[in-house]
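What follows is the residue order along each chain.
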Amino acid sequence: MAYPDLYMMIDGQRLSGGGRRTHKVVNPATGEAIAELPLADAADLDAALAAAQRGFHRWRDSTPHERAAVLQGAARLMVERQEALARVATLEQGKTLAEARIEVMMNVGLLNFYAGEVFRLYGRALVRPAGQRSTVTKEPVGPVAAFAPWNFPLGNPGRKLGAPIAGGCSVILKAAEETPASALGVLQCLLDAGLPGDVAQAVFGVPDEVSRHLLGSPIIRKMSFTGSTLVGKHLAKLAAEDCKRTTMELGGHGPVLVFADADIDKALDTVVAGKYRNAGQVCVSPTRFIVEAGVHDRFLAGFVERAKKVTVGDGSDPASVMGPMANARRLDAMDRLIGDAVAKGAMLETGGERIGNAGYFFAPTVMSGAPLDAAIMNEEPFGPVALINSYPHEAAMIAGANRLPYGLAAYAWTSDAARQRRVARSVEAGMVGINTAMIGGSDSPFGGVKWSGHGAEDGPEGIDACLVTKAIHEG
Ligand code: NAD
């Protein structure tokens with residue numbers, strides 16, 4: 001399939017060329033460049049800011065019907081364009097077509113949910129004596145700067161655009177330079193559904209230049225970022241200079257507590273599929289398997305057996321279950337983290353190396369007995385690596401889960417109802433899956449605690465994060 005021409009979408013205009021710097025977009029399955037992406041200069045960003053200001057004043061007064069029509073219309077177009085959107089995502093990010101199609105449908109579900117939710121952005125009237133009135137209202141926060149990473153090239157832009165639009169804000173999206181065409185495809189569905197071009201725009205650039213420029217402007221009133229904790233902390237400081245509101249979806253190091261009383265086969269079938277989804281490049285990926293001693297050996301053997309059967313190949317081949325990693329940086333990270341763990345005494349049970357020398361393929365990997373001081377036990381691996389360790393009892397398992405400063409997704413497998421509640425309450429995480437890997441949904445908040453960030457996307461909370469509260473008292 002042909003890869004589309006790339007551009008920035010500023011104030012409804014497609015901009016490229018004009019002597020702008022460019023970035024090479026690469027197909028991770030081949031390692032070859034497939035397109036040149038134009039990068040914003042300061043004048044482009046100023047133009048986007050001016051349009052966002054205008055777009056905000058227009059869109060803040062839109063009716064719920066107008067917002068719902070755009071959101072539902074875009075969702076319908078995404079269904080129609082599902083195959084084309086998915087193929088572009090696979091070409092530039094590497095994931096399997098099956099996973100890319102699901103991403104399109106996640107956006108469809110979210111935009112339709114928001115389309116209903118825009119009718120429920122209620123305020124409240126307070127009890128007051130006759131002649132007085134006090135009301136509490138919700139208003140859109142203002143123009144939003146949104147930064148989306150490459151791991152969900154369609155889903156991340158869908159989230160970053162959907163919530164501000166539902167809330168009556170304008171938004172400037174800087175999606176990852178590695179996966180621009182997917183983001184542009186999502187934005188185009190919204191524009192084709194009638195969204196004015198100054199309400200939602202897309203820029204690309206040198207990330208630090210773009211974020212400093214946008215966050216340095218008083219026009220931007222909120223920043224939404226998904227990416228690493230390191231970059232998130234840097235951006236949060238920039239946002240703090242101007243007291244901008246923030247939503248931060250940062251890294252994770254997903255603990256999975258497996259108790260001896262669990263349905264081990266069901267747990268294995270679920271978590272192995274979850275581990276290798278998107279080659280492990282998922283912030284809620286199950287990563288640290290904290291297994292009760294009595295079932296450790298059986299769990300480890302079952303994991304390794306299943307990992308060896310995962311078919312790795314080009315994401316556009318229907319036989320592939322796992323595609324390549326999204327970029328060469330991830331391969332280097334895998335080599336460093338796995339090498340360090342082995343040097344410190346971890347057992348490499350399967351995988352641990354690249355597959356072939358074209359593209360960024362890496363074998364599904366399982367390690368056991370990695371010591372707690374290995375970098376991989378502390379740093380988000382963001383790759384197809386499962387870390388399986390044995391623990392003596394529940395208290396040690398919960399302490400193990402809470403050992404790191406991350407708190408995004410946590411999982412537990414146990415058939416004991418009282419323990420399910422204990423673990424759900426004790427684990428420090430924004431999302432907990434008990435006997436399931438399904439921890440999200442368009443109606444459910446998605447976000448973390450501690451170093452995994454703050455605020456949530458999706459659900460009513462996703463729109464609320466784009467609103468400010470005003471109290472009006474009339475005497
Ligand atoms: P990175 O941390 O440099 O980049 C992560 C994302 O942030 C990219 O999309 C990048 O374009 C963007 N970014 C980087 N610097 C920025 C800046 N100054 N302003 C605005 N955006 C900026 O590194 P990476 O190599 O792309 O990924 C490495 C790590 O990032 C992974 O190991 C993982 O921990 C994390 N990550 C997390 C998510 C997530 O869903 N939470 C997604 C992608 C990457």
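The rules behind the values
- Residues numbered from 1 in each chain as written.
- Predicted model: local features only at pLDDT ≥ 70, side-chain atom pairs only at ≥ 80, totals over all residues.
- Heavy atoms only, no water.
- Helix = DSSP H or I, 4+ residues; strand = E, 2+ residues; numbered from the N terminus.
- Rg over C-alpha atoms; globule rule 2.2 N^0.38 Å.
- Buried < 20%, exposed > 50% of the residue type's maximum accessible area, 1.4 Å probe, protein only.
- Areas by Shrake-Rupley, 256 points an atom, 1.4 Å probe, with all protein chains shown as cover.
- Lys, Arg positive; Asp, Glu negative; His and termini not counted.
- Charge placed at Lys NZ, Arg CZ, Asp CG, Glu CD.
- Near = heavy atom within 4 Å.
- Polar contact = N/O pair within 3.5 Å; in protein donor to acceptor, adjacent residues only side chain to side chain.
- Domains from an automatic or database assignment.
- Phe/Tyr/Trp six-rings, centres within 6.5 Å; stacked < 30°, edge-to-face > 60°.
- Lys NZ or Arg CZ within 6 Å of the ring centre and 35° of its normal.
- Contact = heavy atoms within 4.5 Å.
- Pairing = 2+ DSSP bridges.
- Axes fitted to C-alpha atoms, helices over the stretch in contact; angles between N-to-C directions.

Student: In this structure, what is going on with the overall build of the protein chain? I would like to understand it.
Tutor: Scanning the protein chain for helices and strands turns up 14 helices and 22 strands. Against the compact-globule benchmark of 23 Å for 475 residues, the protein chain has a radius of gyration of 23 Å, which places it among compact chains. For the protein chain, the C-alpha atoms occupy an extent of roughly 70 × 65 × 40 Å along the three principal directions. Across the 475 residues in the protein chain, those meeting the buried criterion constitute 57%. Working note: accessible area of the protein chain is about 18400 Å², and carbon and sulfur atoms make up 54% of it. Here the protein chain carries 48 positive and 51 negative side-chain charges, and the mean point of each set is 5 Å from the other.

Student: What's the story with the site of the ligand in this structure? I'm lost.
Tutor: Inspection of the region around the ligand gives 25 residues, with W150, S211, S228, R329 and E380 positioned closest. Contacts to the ligand include G227, whose backbone N or O atom sits 3.5 Å from a nitrogen atom. Protein chains bury 86% of the 790 Å² of accessible surface belonging to the ligand in isolation. Only β7 (144–148), α7 (207–215), β10 (222–226), α8 (229–240) and α11 (328–343) provide two or more residues apiece to the shell around the ligand. Looking at the shell around the ligand, you find at least three residues from each of domain 1 (8–250 + 452–474) and domain 2 (254–442).

Student: Looking at this structure, how should I read the packing of aromatic side chains?
Tutor: For any two aromatic rings, the description comes down to two numbers: the centre-to-centre distance and the angle of the planes. Counting across every chain of the model gives seven aromatic pairs. Centre to centre, the rings of F289 and F299 are 5.9 Å apart; their planes meet at 40 degrees, and the pair counts as tilted. Here the residue F289 occupies a position in strand β13 (residues 286–292), and F299 occupies one in helix α10 (residues 293–308), the gap between them amounting to 10 residues. In terms of burial, F289 and F299 fall into one category: buried. When the centroid spacing of 5.0 Å and the interplanar angle of 70 degrees are considered together, the rings of F289 and F303 count as edge-to-face. Here F289 is found in strand β13, whereas its partner F303 is found in helix α10, with 14 residues between them in sequence. An aromatic cluster of at least three residues, connected via ring pairs, comprises Y276, F289, F299 and F303. In this structure, R159 is placed above the aromatic ring of F446, and the distance from its NZ or CZ to the ring centre is 4.1 Å.

Student: Just checking my understanding: could you explain the environment of P255 for this structure?
Tutor: Tracing the chain through its elements places P255 in strand β12 (residues 254–258). A C-alpha to C-alpha distance of 9.3 Å links P255 and I398, two positions 143 residues apart in sequence. Among residues more than four places away in sequence, those in contact with P255 are R288, I290, A401, A409, A410 and Y411.

Student: Explain the sheet that holds strand β15 (residues 365–368) to me, please; I cannot follow it from the model alone.
Tutor: Strand order in the open sheet made by the seven strands is β14-β15-β16-β13-β12-β18-β19, with mixed pairing throughout. Strands with a single pairing partner mark the edges of an open sheet, and in this sheet they are β14 (347–350) and β19 (431–434). Between one strand and the next, the sheet's axes are offset by a mean angle of 20 degrees, whatever the strand orientation. Sheet analysis places β14 next to β15, joined by three bridges and oriented antiparallel. Residue pairing for β15: T350 is matched across the bridge by V366. Sheet strands in contact with helix α9 (residues 264–276) are β12, β13, β15, β16 (385–391) and β18 (409–413), and its direction is about 160 degrees off that of β13. Here helix α12 (residues 394–401) sits on the sheet and contacts β12, β13 and β16; the angle it forms with β13, its principal contact strand, is near 165 degrees.

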